[in-house]
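Spelled out from the first residue to the last, the chains are:
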Amino acid sequence: MKADHKWNAALYQKAEGNEYNYYRKKDLLCEDYKSFRSKCEDILEKKSPNSIQFMVKDYDQDTYSDDNLQFILRYSGASSLRMQIAGKTPYTMLYFKLQY
């Protein structure tokens, strides 16, 4: 926001908490790949969603490579998967669109 917005920061409280964070409240915040995979498998075993998203703290291209994400296709039964990435470490959002 600071890149293209201006405001008097002294007039506002600093936003430091995670209590109301969407990903934390929905249990979609993952500390590492192991946590991401476990939560992803749990969701995909229960339903066949058109999309899923997570916030991961340890994102890097090697860990979240195409090869390491193939389990999503196996668990979901989807025929194709498209991934979008937003943000940067330590809070990177991974959005997956699944087609069946």
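Report follows, based on the coordinates.

What counts and what doesn't
Residues numbered from 1 in each chain as written. Predicted model: local features only at pLDDT ≥ 70, side-chain atom pairs only at ≥ 80, totals over all residues. Heavy atoms only, no water. Helix = DSSP H or I, 4+ residues; strand = E, 2+ residues; numbered from the N terminus. Rg over C-alpha atoms; globule rule 2.2 N^0.38 Å. Buried < 20%, exposed > 50% of the residue type's maximum accessible area, 1.4 Å probe, protein only. Pairing = 2+ DSSP bridges. Right-handed = clockwise from strand over helix to strand, strands pointing away. Salt bridge = Lys/Arg side-chain N within 4 Å of Asp/Glu carboxyl O.

### Regarding the overall build of the protein chain
Here is step 1: Along its length, the protein chain carries 3 helices and 4 strands.
Here is step 2: The linear arrangement of helices and strands in the protein chain, starting from the amino end, is α-β-α-β-α-β-β.
Here is step 3: At 16 Å, the protein chain has a C-alpha radius of gyration far larger than the 13 Å of a compact globule built from 100 residues.
Here is step 4: On the principal axes, the C-alpha backbone points of the protein chain span a range of 50 × 25 × 25 Å.
Here is step 5: Evaluated residue by residue, the protein chain yields a buried proportion of 27% over its 100 residues.

### Digging into the pairing of strand 2 (residues 51–56)
Here is step 1: Pairing of strand 1 (residues 29–30) with strand 2 involves 2 bridges; the strand directions are parallel. Residue pairing for strand 2: cysteine 30 is matched across the bridge by valine 56.
Here is step 2: This β-α-β element, strand 1 to helix 2 (residues 33–46) to strand 2, shows right-handed connectivity.
Here is step 3: Of the strand pairs in this sheet, strand 2 and strand 4 (residues 91–99) are connected by 6 bridges, and their pairing is antiparallel. The residue of strand 4 that forms the bridge with serine 51 is lysine 97.

### Brief notes about the pattern of salt bridges
In a structure, side chains of opposite charge can pair up when their charged atoms sit close to one another.
Here is step 1: One pass over the full model with this rule turns up 3 salt bridges.
Here is step 2: Measuring nitrogen to oxygen at the nearest pair gives 2.8 Å for the salt bridge that ties aspartate 27 to lysine 39. Taken as a pair, aspartate 27 in the loop between helix 1 (22–25) and strand 1 and lysine 39 in helix 2 lie far apart in primary sequence, 12 residues in all.
Here is step 3: Lysine 57 serves as the salt-bridge partner of glutamate 31, at 3.4 Å between the closest nitrogen and oxygen. Placement of the pair is glutamate 31 in the loop between strand 1 and helix 2 and lysine 57 in the loop between strand 2 and helix 3 (70–76), with a sequence separation of 26 residues.
Here is step 4: Its relative accessible area of 47% is what places glutamate 31 among the partly exposed residues.

### Considerations on the pairing of strand 3 (residues 80–88)
Here is step 1: Direction of pairing for strand 3 relative to strand 4: antiparallel, over a ladder of 9 bridges. Each bridged residue has a counterpart across the sheet, and for isoleucine 85 the counterpart in strand 4 is leucine 94.
Here is step 2: Adjacent in sequence and paired antiparallel, strand 3 and strand 4 are bridged by 2 residues.

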